[in-house]
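Chains, contacts and geometry: an overview
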Amino acid sequence: MAAKTLYDKLWDAHVVREEEDGTALLYIDRHLVHEVTSPQAFEGLRLAGRSLWRANSILAVPDHNVPTTKQHRGNGTAGIDDPVAKVQVETLNKNCEDFNVKEFLMDDIRQGIVHVIGPEQGATLPGMTVVCGDSHTSTHGAFGALAHGIGTSEVEHVMATQCLIQSKMKNMLISVDGKVQAGVTAKDIVLAIIGEIGTAGGTGYAIEFAGEAIRDLSIEGRMTVCNMAIEAGARAGMIAVDQTTIDYIKGRPFAPTGETWDKAVEAWQDLVSDDDAEFDLVVRLDAAKIEPQVTWGTSPEMVLPISATVPNPADETDAVKSNGIQAALEYMGLKAGEAIDNINVDKVFIGSCTNSRIEDIREAAKIAQGNKVAKNIKLAMVVPGSGLVKHQAEEEGLDKIFIDAGFEWREPGCSMCLAMNADRLEPGERCASTSNRNFEGRQGQGGRTHLVSPAMAAAAAIHGHFIDIRTLAKEA
Amino acid sequence: MEKFTVHKGIVVPLDRANVDTDAIIPKQYLKSVKKSGFGPTLFDDWRYKVAGEPGMDHSKRELHKDFVLNQARYQGGSILLARENFGCGSSREHAVWALTDYGFRTIIAPSYADIFFNNSFKNGLLPIVLSEQIVDKIFSEIASSDAYELTIDLEKQEVITPTGETFAFEVDAFRKHCMLNGLDDIGLTLQHADDIRAYEEKRKQEAPWLFAS
Ligand code: SF4
């Protein structure tokens, strides 16, 4: 048998039938649903008089629109001020009731960002195909699963048929070799990767992340890396299964138990690329060379190490690129040649499906401990990814560390990642954010986003500007 | 998608060219979480005296009495007759959803905007192209009668008038097949339901944990 990549194996295991032109019906094991992209799909089913093919494959949760302040939470959807947002959440609730879909309601402790709660519940398992009407579904690839985002009509298609009509992507291997320096996190690794291959570098590929630095990551870190595969243009990112994966899943509510668990674990051992498997493209990075990263522009590929200076459009010979840099600098209100660690910020956001898991919160808390948020910071907020993450952090006393330092400790949700609820930047405000997109207006019209790791975000809050956390580690 | 075989219904004459998607459904209604419920706001600006907002009770709004949709004889109409370039403007599928939600199953016009034309088929709305002359003739026949119904036979690709006169129309074979059988993408996939079930059976043996919940 020919050697296969992890992606080949996942693909082959899910093909229901293949047409002559290569398009296939791909079986979907897990369908995650949230309030923004599902209403028209449920409605489509209703109009056509269709039912769900397999209701128990679906897990639903409201996340994008939910408020994150305590006074707005607790009593169901009553606390949502924006009537349109409220209707969206209520619509999800009603749809889930009507179609008998399992949903974690707003006041359930298990509620949270869809890409945090799936893995947390063990609803995402190795070897699965996972879809969601959300591009950051790539997150779930961290478990050796084939996971990607889909549009609303595809959401409906999966609901009704349990399948997607798909063509196979190409295979890319990104190997991060060797060990990273202290203070360099999963976020820095993935930002460095995007800096290297660009935001379209992964277009048409399924990316497998490998190499010692990836192996060394916790599951949380692996999710951070896979989460941003889409920012590199790849709909799916994935990481082979190993003991770290299996240890994480064991005992989670949706995970198999007893004999089935043993059988599953045995099957999961095969979820790695064969040694001699061929990739269409291989990219290698030297982990030791990766520094803490900060984006300076309006696309995730506009990223530099903390030790760098803001680029000068005049140094770029390609006119299109030069104009791009110029436009980004104008939007971001930055001057060419300015040192990155000299940039002051107004707000700090620690959260989003990229960095809102317990490990992220711990990293940020370590920096915040015993310190105070700088005077020039208007708002520094920590938004845990789920009710359970929040609970665990509180058990560990992390909430106190943040509150004592002057951070706001919020309720779980997408929050300022896309500013669909009340959490947003005002025009011109500059934010150190642990989210995944620094597009113009993403965090609020005119807002300026710099993507960083949780530790770097916390450090920016304490110092009022970006700072190399490696120097902090030395001081301590 | 509902099957479309033979349809007989009241014809609503909308004597306008270049009916755009903004006219079909104004932008304030696009905030909706739904694909249905657009019927009451179809042709909103022409139909009501004051611009509406989503969520209001449209049955209480003051009507432009002369507009075709508001005339007694066209109530329950399911075939829309219009002039050239129907559905121009934006790509919003809401335009089609508004027409079907109102109850239209067919449109007859000399020409359509591309995107609208495609969107129609996806939603079971049959856009029929007839020559300007024939469209003209139907407009005048409606005007000189008290009640006017047309029969659309998709299998035969014919529009049949009350006097039994027939007009042939063209339709792409694949689209015709999908409409006759009520197939959309989902419908087509469901033709392979047995394959999907067989796959599930096999997988349940190999990996039962994938089906637990
Ligand atoms: S946290 Fe941000 S990127 Fe993640 S699902 Fe929510 S809105 Fe999307």
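So, here's what we can say about the structure. It should be emphasised that the depicted structure is a prediction, and the values quoted were computed from it without experimental measurement.

Overview of the sheet that holds strand β5 (residues 102-103) of chain A
All names here are of chain A. With parallel pairing, the five strands of this open sheet are ordered in space as β5-β4-β3-β6-β7. Only two strands of the sheet have a single partner each, and these edge strands are β5 and β7 (146-149). The sheet strands contacting helix α5 (residues 152-161) are β3 (30-33), β4 (58-60) and β6 (129-132), and the helix crosses β3 at an angle near 135°.

Considerations on the pattern of salt bridges
Oppositely charged side chains may form a pair once their charged atoms are brought near each other. All names here are of chain B. Taken as a whole and judged by the stated rule, the model has 41 salt bridges over all chains. Across the pair R61 and D44 runs a salt bridge, and its minimum N-O distance is 2.9 Å. Taken together, the residues span a long stretch of sequence, with R61 in the loop between α2 (44-47) and β2 (79-82) and D44 in helix α2 at a distance of 17 residues. For R61, a relative accessible area of 10% corresponds to the buried category. Here E62 makes a salt bridge to K49, at a shortest N to O gap of 3.4 Å. Linking E62 in the loop between α2 and β2 with K49 in the loop between α2 and β2, this pair joins segments that are 13 residues apart in sequence. A relative accessible area of 54% places E62 in the exposed class.

A short note on the interface of chain A and chain B
Many analyses report the size of an interface as the accessible area lost when the parts associate. Facing 41 residues of chain A, the contacting portion of chain B comprises 30 residues. Counting the surface chain A buries against chain B, the share from its top three residues, Q40, R50 and W53 of chain A, is 21%. Its salt-bridge partner being R50 of chain A, residue D184 of chain B comes within 3.3 Å of it at the nearest N-O pair. At the surface where chain A touches chain B, the tally comes to 11 residue pairs in polar contact (both at pLDDT 80 or more). Looking at the side of chain A that touches chain B, the elements with two or more residues in it are α1 (6-14), β1 (15-18), β2 (24-27), α2 (39-48), α3 (83-98), α5, β8 (163-166) and α10 (258-268) of chain A. Of all the elements, α2 of chain A adds the most residues to the side of chain A that touches chain B, at six residues. The residue inventory of the side of chain A that touches chain B, partitioned by class, reads 21 nonpolar, 11 polar and nine charged.

What about the environment of V12 of chain B?
Residues and elements named next belong to chain B. Position of V12 relative to the elements: it lies in strand β1 (residues 6-14). A relative accessible area of 0% places V12 in the buried class. Spatially, the C-alpha atoms of V12 and Y148 are 8.9 Å apart, while their sequence positions differ by 136 residues. With residues near it in sequence (within four places) discarded, V12 still touches V68, L69, Y74, G77, I79, L80, L81 and F104.

Let's talk about the packing of aromatic side chains
Under the criterion given, the structure shown has 19 aromatic pairs over all chains. With centroids separated by 5.2 Å and ring planes inclined at 40°, the aromatic side chains of F42 of chain A and F99 of chain A adopt a geometry described as tilted. Placement of F42 of chain A in helix α2 and of F99 of chain A in the loop between α3 and β5 is noted, with a sequence separation of 57 residues between them. When sorted by exposure, F42 of chain A lands in the same class as F99 of chain A, which is buried. Measuring from ring centre to ring centre gives 5.5 Å for Y112 of chain B and F117 of chain B, while their planes differ by 40°; the resulting arrangement is tilted. The class of Y112 of chain B is buried, set by a relative accessible area of 12%. Members of the aromatic cluster, connected to one another through ring pairs, are F86, Y112, F116, F117 and F121 of chain B. Taking NZ or CZ as reference, R16 of chain B lies 3.8 Å from the ring centre of W46 of chain B, over its face.

Regarding the packing of α2 of chain A against α3 of chain A
Geometry of a packed helix pair, given as the angle between the helix axes and the separation of the axes. Residue and element names in this part refer to chain A. With their axes 10 Å apart at the nearest point, α2 and α3 run at an angle of 40° to one another. Compared by their axis directions, α2 and α3 come out oblique. The way α2 lies across α3 gives a crossing that is left-handed. Note on element contacts: α3 touches α2 through T91, L92, N95 and D98, opposite P39, F42 and R46. Residues that form the contact of α2 with α3 fall into these classes: three nonpolar, two polar and two charged.

Digging into the nonpolar core
All names here are of chain A. In this structure, I174, V176, F209 and W268 are the most contacted members of the largest nonpolar core, which totals 84 residues. The contacts of F209, once residues within four sequence positions are left out, are I174, I193, I214, V225, C226, A229, G237, M238 and I239. By size, the runner-up hydrophobic cluster in this structure holds 53 residues, among which are V116, I350, I361 and A380.

As for the site of the ligand
With respect to spatial proximity, the complete set of residues near the ligand consists of H64, H115, D134, H136, S352, C353, C414, C417, L418, N436 and R442 of chain A. When the residues that make up the shell around the ligand are grouped by side-chain class, the tally is four nonpolar, five polar and two charged.

Here we look at empty space enclosed by the protein
Residues and elements named next belong to chain A. Scanning the entire structure with this criterion turns up one cavity of 30 Å³ or more. In this structure, the largest cavity occupies an estimated 30 Å³ of space. Tallying contributions element by element places β3 first for the lining of the largest cavity, with three residues. Along the lines of polarity and charge, the residues of the lining of the largest cavity split into four nonpolar, five polar and no charged.

So, the layout of surface pockets
If you add up the space inside the largest pocket, you get close to 1,000 Å³. Along the wall of the largest pocket there are 38 residues; nearest its centre are M1, K35, K122, N123 and D184 of chain B. Put simply, the parts of the chain that give the lining of the largest pocket at least two residues each are α2, α5 and β8 of chain A together with α3 (94-102), α4 (114-122), α6 (173-180) and α7 (185-190) of chain B.

Conventions and cut-offs
- Residues numbered from 1 in each chain as written.
- Chains lettered and ligands numbered in written order.
- Predicted model: local features only at pLDDT ≥ 70, side-chain atom pairs only at ≥ 80, totals over all residues.
- Heavy atoms only, no water.
- Pairing = 2+ DSSP bridges.
- Helix = DSSP H or I, 4+ residues; strand = E, 2+ residues; numbered from the N terminus.
- Contact = heavy atoms within 4.5 Å.
- Axes fitted to C-alpha atoms, helices over the stretch in contact; angles between N-to-C directions.
- Salt bridge = Lys/Arg side-chain N within 4 Å of Asp/Glu carboxyl O.
- Buried < 20%, exposed > 50% of the residue type's maximum accessible area, 1.4 Å probe, protein only.
- Buried area = accessible area lost by both parts, 1.4 Å probe.
- Polar contact = N/O pair within 3.5 Å; in protein donor to acceptor, adjacent residues only side chain to side chain.
- Nonpolar A, V, L, I, M, F, W, Y, C, P; charged D, E, K, R; others polar.
- Phe/Tyr/Trp six-rings, centres within 6.5 Å; stacked < 30°, edge-to-face > 60°.
- Lys NZ or Arg CZ within 6 Å of the ring centre and 35° of its normal.
- Parallel < 35°, antiparallel > 145°, perpendicular 65-115°, else oblique.
- Left-handed = near helix turned anticlockwise from the far one by under 90°.
- Core = buried A, V, L, I, M, F, W, Y, C linked by side-chain atoms within 4.5 Å.
- Near = heavy atom within 4 Å.
- 1 Å grid on protein atoms, 1.4 Å probe; cavity = no way out; pocket = protein on both sides within 12 Å on 5 of 7 lines; lining within 4 Å.
- Points joined across faces, edges and corners; volume = space filled by probe spheres on them.

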